[in-house]
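If you want the building blocks of each chain, they are given just below.
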Amino acid sequence: MKIQESYLAQSKLLTKQLTTQYAANIVNPQNLVTYERVSFELEDTAQLVLNGKLELNYGLSQDAYKSTMLRMGHHSRLVVTDGVFQVLYGGDITVFSNAELIVGNSYINSYCKIRCGSRIVIGDDCAIAYDVKITDSDFHSMIVDGKETPRRGNGIEIGNHVWIGAGATILKDVRIGDGAVIAAGAVVTKDVPPKALVAGCPAKIIKENVEWKK
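The rules behind the values
Residues numbered from 1 in each chain as written. Predicted model: local features only at pLDDT ≥ 70, side-chain atom pairs only at ≥ 80, totals over all residues. Heavy atoms only, no water. Disulfide = S-S within 2.5 Å. Buried < 20%, exposed > 50% of the residue type's maximum accessible area, 1.4 Å probe, protein only. Helix = DSSP H or I, 4+ residues; strand = E, 2+ residues; numbered from the N terminus. Contact = heavy atoms within 4.5 Å. Core = buried A, V, L, I, M, F, W, Y, C linked by side-chain atoms within 4.5 Å. Pairing = 2+ DSSP bridges. Phe/Tyr/Trp six-rings, centres within 6.5 Å; stacked < 30°, edge-to-face > 60°. Salt bridge = Lys/Arg side-chain N within 4 Å of Asp/Glu carboxyl O.

1. Concerning the state of the cysteines
Then, in step 1: Taken as a whole, this structure holds zero disulfides when the rule is applied.
Then, in step 2: Unpaired in terms of disulfides, Cys-116 finds its nearest cysteine sulfur in Cys-112, a separation of 15 Å.
Then, in step 3: Here Cys-116 falls in the buried class, since its relative accessible area comes to 0%.
Then, in step 4: Not part of a disulfide, Cys-126 finds its nearest cysteine sulfur in Cys-112, a span of 12 Å.

2. Digging into the environment of Leu-171
Then, in step 1: As for its placement among the helices and strands, Leu-171 is situated in the loop between strand S20 (169-170) and strand S21 (174-176).
Then, in step 2: Using a relative accessible area of 27% as the deciding quantity, one classes Leu-171 as partly exposed.
Then, in step 3: Distance in space between the C-alpha atoms of Leu-171 and Val-188 is 6.0 Å, their sequence separation being 17 residues.
Then, in step 4: Look past the residues within four positions of Leu-171 in its chain and what remains in contact with it is Thr-135, Ile-156, Val-187, Val-188 and Thr-189.

3. Some words on the side chain of Thr-169
Then, in step 1: Topologically, Thr-169 is positioned in strand S20.
Then, in step 2: With residues up to four places along the chain from it excluded, the contact list for Thr-169 reads Lys-133, Ala-186, Val-187 and Val-188.

4. Notes on the nonpolar core
Then, in step 1: Counting 50 residues, the largest nonpolar core has Phe-40, Ile-122, Ile-134 and Ile-182 as its most contacted members.
Then, in step 2: Top contributing element to this core by residue count: strand S3 (residues 38-42), with three residues.

5. Section: the sheet that holds strand S5 (residues 53-58)
Then, in step 1: The strand order across the open sheet formed by nine strands is S2-S5-S8-S11-S14-S19-S22-S24-S25, and the pairing between neighbours is mixed. This sheet does not close on itself; its edge strands, each paired only once, are strand S2 (32-34) and strand S25 (204-207).

6. So, the packing of aromatic side chains
Then, in step 1: Scanning all chains against the criterion turns up five aromatic pairs.
Then, in step 2: An angle of 70° between the planes, with centres 6.0 Å apart, marks the rings of Tyr-35 and Tyr-58 as edge-to-face. Here Tyr-35, found in the loop between S2 and S3, pairs with Tyr-58, found in strand S5; they are 23 residues apart in sequence, far enough to count as distant.
Then, in step 3: Its relative accessible area of 32% is what places Tyr-58 among the partly exposed residues.
Then, in step 4: Aromatic side chains Trp-163 and Trp-212 sit 5.5 Å apart centroid to centroid with 40° between the ring planes, which places their arrangement in the tilted category. Of this pair, Trp-163 sits in strand S19 (residues 163-164) while Trp-212 sits in the segment after S25, and the two are 49 residues apart along the sequence.

7. Observations regarding the pattern of salt bridges
Then, in step 1: One pass over the structure, following the stated rule, counts nine salt bridges.
Then, in step 2: Here Arg-71 ties to Asp-92 by a salt bridge, and the two come within 3.0 Å at their closest N and O atoms. Taken together, the residues span a long stretch of sequence, with Arg-71 in strand S6 (residues 68-72) and Asp-92 in strand S9 (residues 92-95) at a distance of 21 residues.
Then, in step 3: A relative accessible area of 15% means that Asp-92 is categorised as buried.
Then, in step 4: One salt bridge in this structure joins Arg-115 and Asp-92, with 2.9 Å as the shortest N-O distance. Residue Arg-115 is located in strand S12 (residues 113-116), and its partner Asp-92 is located in strand S9; the two are separated by 23 residues in the primary sequence. As far as burial versus exposure is concerned, Arg-115 and Asp-92 are alike and both buried.
Then, in step 5: Overlapping salt bridges bring together Arg-71, Asp-92 and Arg-115 as one network.

Shown next, in the form of structure tokens:
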């Protein structure tokens, strides 16, 4: 009990330190909750807009040395629209310069990575399993038949009540409809209709009109 109380006290101290250090970057700092071993790297013009709560490194026990990192470039924005957005331990989120990450009342499990180079939206009631990767940029160009492909696309939109299985990858220019299910290990390169189950690499529709519960 004393260990747990000490851990929570240290976590509260870390939250206070971060909200003080980055006071100019955070809107509604009372909605930031960080547990031990959270690292921030925010450029001066980055903005963290917390209309709902943001919990970072959630679910970590006292003796588990796992960290969560949040990095934000110039003129980037991370917006929590409502409720609570939880990032479990080992999370790694980067919002690059001029990009925007908008998240709702959802969670991402341990060791997830988000790379936002343009715009990523995650709706409410989403369950995103461990080791999922969400990236809206290729970060390198490919030249095919003399034509160079764009590095960044039009972002990613993940609707409400979406279940993304462990180890899945969501790539740029993808829209995932409400209630959809992404199977473990799937690589999503195209839009997913609402209430569809997709699987495979690249992901294809396996079933339609599915429902799921937490």
